[in-house]
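# Secondary and tertiary structure notes
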Amino acid sequence: MIWDTEAECMDAGERKKLQSERLVKLVERIYAVPFYKKKMDAAKLKPGDIKSIDDIVKLPFTDKEELRTTYPYGVLCVPEKEIIEIHQSSGTTGTPIVAEYTKNDVETWTEAVARSVAGHGITEDDIIQICQGFGLFTGGLGYYAGYRRLGAKVIPMGSGNTPQQLKMIQDFHTTEICCTTTYAMHLAEAAKDAGLDPRKFSVRHADLGAEPWSEELRKDIEEAWDMKAYDVYGLTEITGPGVSFECLNQDGLHINEDLFYPEVVDPDTGEVLPDGKTGELVFTTLVKEGTPMLRYRTRDLTGLRHEQCSCGRTLVKMERTMGRTDDMLIIRGTNVYPVQIEQILFAADGTAPQYTITIDREKTALDNVEIQIEMSEEFFKNSRHNAQHLKKKLEDTLRSELKVRMNVTLAEPRTLERFVGKAKRVIDKRKI
Ligand code: DLL
């Protein structure tokens, strides 16, 4: 279902006009904030220099470290009393990054999430179990508002408490789970441990996001639950979940670009890249009032696709985010993203979706990479499977595809750590 046909299916020219009008107004507003005025003055720009969305490239970028220096209210663009809700970015060490929402900002966010979940077919007949964290994290409350807007029945479970999650799914016939990919697998596993078959549950779709996940993991999750799994992307600085979403085609994520204007740039030079090229995703919030972001560098890597989707939406698509510039591992000088490793591991038969990547430099001066991949119970039970053979096959594939030698250990079932929120799979012990 298309929630907001006017916004989501708008003619490209019309949308550009709207984006231009919104950008011009945004620049006028933020010029009143010393943080942005200083940046624009340094770039020798006055608000009047920005006349259309094409002028966006003249504007300076904003990055995460700069934003930290503004804590708590340094990018606020409205009087403090107009702020009605505050959130913080997850997993932040040091000074947190905050987002401060006005009443209109909460409304925009709610609509963006409503569009996103309607995008994979959610209607007022659905029963949604939200297993994302409620609190400062944007996941729980953002989804809550969006699903409610659609009129769906919401069970606001929050993260963790797995036995109760399973009970609620069965007692209330949940039709959609909304969580991280890691937790979707963990729930399925816990169900099997309790003698239940998740494929027999009423859950027919999942809204998964908040962390990178591979296509192989999607297949495993869909198979474990006999359901469809859809990707939703977002970040606190821009709004939270609802920045972009997959439609039923599961072929790239539509960006709510009338609200959040995307660019993809070369992470080193800042040069804007054409469609199809992978680079760093940059967002400008076109209507946000409280803490608007000007060309915010997300550090997430993806490419854009302007095309007509068969779903009817004209919203530009981004590829699924496979990692962040700061997730990139440099191993013996070669760049590797954890999701590239994940794709290779999960493509093999018998691997279960849990793994860790440990890198150290203790024994030799060279980087040493140890991968632990958990195997299914069937794998060890089935004498046809040869553990040594699989280990070698995985090591060879990793080496030939990623150009890095890694040591693989096939771990016993249920031996690696589980996560209820975002997974932490990389342990980098190097002192660089
Ligand atoms: O994770 C918002 C969110 C909640 C999105 C629930 C989707 C579902 P932050 O805690 O600020 O916000 O973390 C944002 O998480 O820059 C990406 O690196 C990563 N991320 C979020 N969604 C996806 C996704 C929320 N679908 C950071 N695929 C972002 C890959 C994602 N990475």
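Above this text you will find the structure in question.
Residues numbered from 1 in each chain as written. Predicted model: local features only at pLDDT ≥ 70, side-chain atom pairs only at ≥ 80, totals over all residues. Heavy atoms only, no water.

## Some remarks on the overall build of the protein chain
If you tally the helices and strands in the protein chain, you get 12 helices and 20 strands. Its C-alpha atoms give the protein chain a radius of gyration of 22 Å, within 12% of the compact-globule value 22 Å for 432 residues. Judged by the C-alpha coordinates and their principal axes, the protein chain covers about 70 × 55 × 40 Å. Within the protein chain, the proportion of its 432 residues that are buried is 55%. Of the contacts made within the protein chain by residues no fewer than 6 positions apart, 65% connect residues no fewer than 24 positions apart. Element-wise, carbon and sulfur atoms account for 51% of the exposed surface of the protein chain, whose accessible area totals about 18900 Å². (Helix = DSSP H or I, 4+ residues; strand = E, 2+ residues; numbered from the N terminus. Rg over C-alpha atoms; globule rule 2.2 N^0.38 Å. Buried < 20%, exposed > 50% of the residue type's maximum accessible area, 1.4 Å probe, protein only. Contact = heavy atoms within 4.5 Å. Areas by Shrake-Rupley, 256 points an atom, 1.4 Å probe, with all protein chains shown as cover.)

## As for the sheet that holds strand E10 (residues 260-265)
Spatially, 3 strands are ordered E10-E11-E12 in an open sheet, and the strand pairing comes out antiparallel. Sheet topology places E10 and strand E12 (296-302) at the edges, where each strand pairs with a single neighbour. Averaged over neighbouring strand pairs, the angle between their axes works out to 35 degrees when direction is ignored. Summarising the sheet, strand E11 (residues 279-285) and E12 pair through 4 bridges and their orientation is antiparallel. Within the sheet, the bridge partner assigned to glycine 279 lies in E12 and is threonine 302. (Pairing = 2+ DSSP bridges. Axes fitted to C-alpha atoms, helices over the stretch in contact; angles between N-to-C directions.)

## Some details on the pattern of salt bridges
Scanning all chains against the criterion turns up 40 salt bridges. Residues glutamate 319 and arginine 305 are paired through a salt bridge, measuring 2.8 Å at the closest nitrogen-oxygen approach. Of this pair, glutamate 319 sits in the loop between strand E14 (317-318) and strand E15 (329-331) while arginine 305 sits in strand E13 (residues 304-305), and the two are 14 residues apart along the sequence. Glutamate 319 sits in the partly exposed class, given a relative accessible area of 32%. Several salt bridges share partner residues, and in doing so they unite Glu65, Arg68, Arg299, Asp300, Arg324 and Asp326 into one network. (Salt bridge = Lys/Arg side-chain N within 4 Å of Asp/Glu carboxyl O.)

## A word on the sheet that holds strand E17 (residues 351-360)
In spatial order, the strands read E19-E18-E17-E20; together these 4 strands make up an open sheet with mixed pairing. Either end of the sheet is taken by a strand with one partner, and the two such strands are strand E19 (407-411) and strand E20 (426-428). Neighbour-to-neighbour, the strand axes of the sheet open up by a mean angle of 15 degrees, direction not taken into account. The pairing of E17 with strand E18 (residues 368-375) spans 7 bridges and is antiparallel. Residue pairing in the sheet places isoleucine 357 in a bridge with isoleucine 371 of E18.

## Topic: unusual backbone geometry
In this chain, tyrosine 71 is followed by proline 72 through a cis amide linkage whose omega measures 0 degrees. Note on placement: proline 72 falls in the loop between helix H4 (64-68) and strand E1 (83-88). For lysine 403, which is not glycine, the phi dihedral falls at a positive 65 degrees. Among the structural elements, lysine 403 can be located in the loop between helix H12 (387-402) and E19. Owing to a relative accessible area of 60%, lysine 403 belongs among the exposed residues under this scheme.

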